[in-house]
Amino acid sequence: MADPTNHNQAGEVAPSTVDKQAPSVAEEHAPSTDSSEATDIPTANAPDPKAANPEDNPNAAKPAAASPKREKPAAAAKAAKAEKPADDDATEEKPAAKAPKKEKAPAVENKPFVEFIEQDYLPALQKAIAQKGVKDLQVSFAKQKMPITGFESAEECWQIIGSWSEIGKRQFNLYFPDEDIQGKKGFSCNEGKKPSTLESFLIDERKITLDLLVYGLVQRLDGQKWLGRN
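Reading the values: rules and limits
- Residues numbered from 1 in each chain as written.
- Predicted model: local features only at pLDDT ≥ 70, side-chain atom pairs only at ≥ 80, totals over all residues.
- Heavy atoms only, no water.
- Helix = DSSP H or I, 4+ residues; strand = E, 2+ residues; numbered from the N terminus.
- Expected span 1.5 Å × (residues − 1).
- Buried < 20%, exposed > 50% of the residue type's maximum accessible area, 1.4 Å probe, protein only.
- Contact = heavy atoms within 4.5 Å.
- Pairing = 2+ DSSP bridges.
- Phe/Tyr/Trp six-rings, centres within 6.5 Å; stacked < 30°, edge-to-face > 60°.
- Core = buried A, V, L, I, M, F, W, Y, C linked by side-chain atoms within 4.5 Å.

Moving on to helix α5 (residues 210-223). The terminal C-alpha atoms of α5 lie 20 Å apart, and with 14 residues this matches the ideal 20 Å at 1.5 Å per residue to within 8%. Along α5, the positions that sit buried rather than exposed are Leu 210, Leu 212, Leu 213, Val 214, Gly 216, Leu 217, Val 218 and Leu 221. On its buried side, α5 packs onto α4 (113-130), β4 (157-164), β5 (170-176) and β6 (186-190).

Below is the structure:
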């Protein structure tokens, strides 16, 4: 069996490599005599860094700081709204106000009586009778006594007098004793003679309009067979 001891050429015993390295390893891990210094050599008496109180042991591991929680978008928006100054609400644009509704023009029937007859009724009546074939219609508006037998002493009232002479002399009178189109109305007609009968006109209508006044008189004249091919 070979002798593990190393011999040199002179026959002297060479020191073991272990013996050579031992002092250097010991020196490397040996603490300094000048000041205390921690080493990486584990000791049996050292406390567990995780279990030790960090206030008593500076080498104890400190717990990692908890990361801040992220606010949810809805919560963040609610918090921002709560922090929003009150002045910002006042500066926000308000929806544009709706344009006011246009007022309807007053009905022609609401005009003063004389104004309505002269401006609206007479032109409409002349046009309607002309459309029935009457070419020489003469229409006037006057306040005078009724030309009816037995009414000579009656007070004057507003009348529409219409006449034409297509076949003889034809005349009609429309009376307004109340000076109101919604009030009492009368009608008379004659062919060259003094009228003897006063008729009620549109007494069953609750509300009189321009169109109704025109239509009613045209229908009455048509019933007299004075219009068209009659």
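On we go.
Let us look at the sheet that holds strand β3 (residues 138-144). Taken together, five strands build an open sheet; the order of strands is β3-β4-β5-β6-β7 and the sheet is antiparallel. Looking at strand neighbours, the two that pair on one side only are β3 and β7 (199-200), the edges of this open sheet. Note that β3 and β4 share seven bridges and pair antiparallel. When the bridges of β4 are listed, Ala 142 appears paired with Gln 159.

The subject of this paragraph is the packing of aromatic side chains. Taken as a whole and assessed by the stated rule, the structure comprises five aromatic pairs. On the basis of an interplanar angle of 85° and a centroid distance of 5.7 Å, the ring pair of Trp 164 and Trp 226 is categorised as edge-to-face. Taken together, the residues Trp 164 in strand β4 and Trp 226 in the segment after α5 connect sequence positions 62 residues apart. Side by side, Trp 164 and Trp 226 carry an identical accessibility label, which is buried. Connected via pairs of aromatic rings, a cluster forms that spans Phe 113, Phe 141, Trp 158 and Phe 176.

The next subject is the nonpolar core. With 32 residues, the main nonpolar core has Ile 117, Tyr 121, Ile 129, Ile 160, Phe 172, Leu 217 and Leu 221 as its most contacted residues. Among the elements of the structure, α4, β4, β5, β6 and α5 are those that each provide at least two residues to this core. Among the elements that take part in this core, α4 stands out by supplying eight residues, more than any other. Those residues in contact with Ile 129 that sit more than four places away from it in its chain are Val 134, Leu 137, Phe 172, Val 218, Leu 221 and Leu 227.

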